[in-house]
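Take a look at the letters that make up each chain.
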Amino acid sequence: MDGVPQGTTDKTFYLETFGCQMNVHDSEKVIGTLLQEGYRQVETVEDAGLILYNTCSIRDKAEQKVFNRLNDYKKLKKQGKKFGVLGCVAQQEGAKIFERAPYVDMVCGSASYRNLPAMLVQIEAGMRATGLDDRETDECFETAFTARTNQHRGYLTIIEGCDKFCAYCVVPFTRGKERSRSSSSVLAEGRQMADLGYTEIQLLGQNVNSFHDPEGKKTFAELLTAVGEIPGIKRVRFTTSHPRDFGRDIVEAIDASPALCNHVHLPVQSGSTRVLDAMQRLYTREQYLERISWIQSARRDISITSDIIVGFPGETEAEFEETLSLLTEAEYDSVFTFKYSPRPNTPAIHLDDAIPDEEKARRLAVVNEHQRAIGLARNRKRVGLVLDVMVEGKNEARGQWIGRTAQNMTFNFVAPSGAELAVGGYVDALVTTSFPNSLVGEMVWK
Ligand code: 5AD
Ligand code: SF4
């Protein structure tokens, strides 16, 4: 069989990932680890000896989705296939998963991935394996074998876990306590990525502003600047920022270094100080808007995006309207909006989730409509600008190239006929038309 050295067993795995960028990047590390252990990745559950789900439990009935998926493939157990549940649902539900789905062989939370090689040996030997480190873990999951899926833009973890304990959020329980990597190991990995041809690095963490260099060498803003100075790196992004820890030095770093993308994702969650307090977000509306004013007064045009939760327990109509007015003041380029959903273990689970789902859905639609108008007005002002665009692919049917701006917007553009652009390359393009969430235009010669 292709790619499998003679005399080795053909161990195969299928991995499906749910959830956030952190999970996507964890999967890249898990895949790398499995390949290193002699496994081969396949595209379908039918072809796989080991079926893995990297799960998410941030919202909705995530556990249920995982059990439904497991149930769909239960019949494959008879063929000797093994099942593993990874990620946040694994950490949250723990050994209960074995009770509900006895055919599962492995349950492993993200804080235990460094034990995967040993766990794989256990399940191959017909035993069950459990990796459920609690919040005591001090280590990050670092591996030399990360199998990144994109060859041009890649994730790089700088901090794992979260110590904020926002009232609605399951993350501090599923991803463990906050722990930063050393700036030298981050920079070494960044240089390695540049050597492999990456031009864009996205620094990842639940709360990147809490980065605390164990070597004491660099602040987060200094780390950003240093990553931007790696030869070959043209774009540096970072996500997610927490408003409480967001310092002015980050805005100054973006202003000073063209390699740092002019985009900040700064989730506000609510525009009402009363609701923010109930959410235990550790800032007021005014403090949040002060940070927005730092960003808005930068020399570069920094795009701002956010996350909003509607229908948090006790949110009144007037408080909801404060969120709408905050959207207007912050002039976001886009927002991700969510209906509040109660999560196990979180402090808010004890609050009465009394706002009916129809009302949450109405607030969601209102906030989305409000943001649409703001996004459209922002993008109209961009018509006539020439922007630097990273080429991501081509929409053959429309004859348009698909690209991404430094501000993280999708930019669909036409190139002169016959021009074959390289995916991962950079071109200049003129904005001719705009939509609430994307730009349209044409390539211009540099
Ligand atoms: N209900 C709804 N939205 C949530 N988020 C996190 N937890 C919940 C929850 N229980 C949203 C927040 C966060 C984003 C990643 O998901 O807006 O910033
Ligand atoms: Fe969750 Fe709050 Fe931590 Fe973000 S900062 S991961 S919302 S607890």
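All values reported here derive from a predicted model rather than from experimental measurement.

A. Representation of the pattern of salt bridges. This model, assessed by the stated rule, comprises 30 salt bridges. Among the ionic pairs, D105 bridges to K77, the shortest N-O distance being 2.8 Å. Pair noted here: D105 is in the loop between α4 (96-100) and β5 (106-108) and K77 is in the loop between α2 (62-72) and β4 (82-86), with a separation of 28 residues, a long-range link. Taking the relative accessible area as the measure of exposure, D105 reaches 10% and is therefore buried. Since its relative accessible area comes to 26%, K77 is described here as partly exposed. Salt bridges here are not isolated pairs; linked through shared partners, they connect R153, E200, R237, E392 and R404.

B. The arrangement of empty space enclosed by the protein in detail. All chains considered together, the criterion is met by three cavities of 30 Å³ or more. One number sums up the size of the largest cavity: a volume of about 50 Å³. In this structure, the largest cavity is lined by H25, K29, F141, E142, T143, T146, R148, T157, R181 and E189.

C. Summary view of the site of ligand 1. Neighbouring ligand 1 are I58, R59, Y168, Q269, D307, I309, F338, K339, Y340, S341 and R343. Between ligand 1 and Y168, the relevant distance is 3.0 Å, taken from a nitrogen atom to a main-chain nitrogen or oxygen of the residue. The separation between an oxygen atom of ligand 1 and a polar side-chain atom of Q269 is 2.7 Å. For ligand 1, whose free accessible area comes to 410 Å², the fraction covered by protein is 86%. Elements supplying a minimum of two residues to the shell around ligand 1: β13 (303-310) and β14 (334-339). Its residues assigned to classes, the shell around ligand 1 comprises five nonpolar, two polar and four charged.

Cut-offs applied
The residue numbers shown here count from 1 along each chain, following its written sequence. Numbering of ligands from 1 and lettering of chains from A proceed in the order in which they are written. Given that this is a predicted model, residues contribute local features only at a pLDDT of at least 70 and side-chain atom pairs are listed and counted only at 80 or more, while totals for whole chains, interfaces and linings are drawn from all residues. No hydrogens and no water enter the side-chain calculation; it runs on all heavy atoms of the structure. A pair is scored as a salt bridge if a Lys or Arg side-chain nitrogen falls within 4 Å of a carboxyl oxygen belonging to Asp or Glu. Under the DSSP-based scheme used, a helix requires at least four consecutive residues in state H or I and a strand at least two consecutive residues in state E, with every element numbered from the N terminus. With a 1.4 Å probe rolled over the protein chains alone, any residue whose accessible area is under 20% of its type maximum counts as buried; one over 50% counts as exposed, and the rest are partly exposed. In the cavity and pocket records, a cavity denotes points on a 1 Å grid over the protein atoms alone where a 1.4 Å probe fits but cannot get out, a pocket denotes an open set with protein on both sides within 12 Å along at least 5 of 7 lines, and lining residues are residues with an atom within 4 Å of a point. Grid points are joined across faces, edges and corners, and a volume is the space filled by probe spheres set on the points. Here a residue is considered near a molecule or strand provided that any single heavy atom belonging to it is located within 4 Å of it. Counted as a polar contact is a pair of N or O atoms within 3.5 Å, where, for protein atoms, one must be capable of donating a hydrogen and the other of accepting one, and residues adjacent in sequence contribute only when both atoms are in side chains. Exposure was quantified through the Shrake-Rupley algorithm and a 1.4 Å probe, taking into account, for residues, occlusion by the shown protein chains and nothing else. Under this grouping Gly is polar, as are all residues other than the nonpolar Ala, Val, Leu, Ile, Met, Phe, Trp, Tyr, Cys and Pro and the charged Asp, Glu, Lys and Arg.

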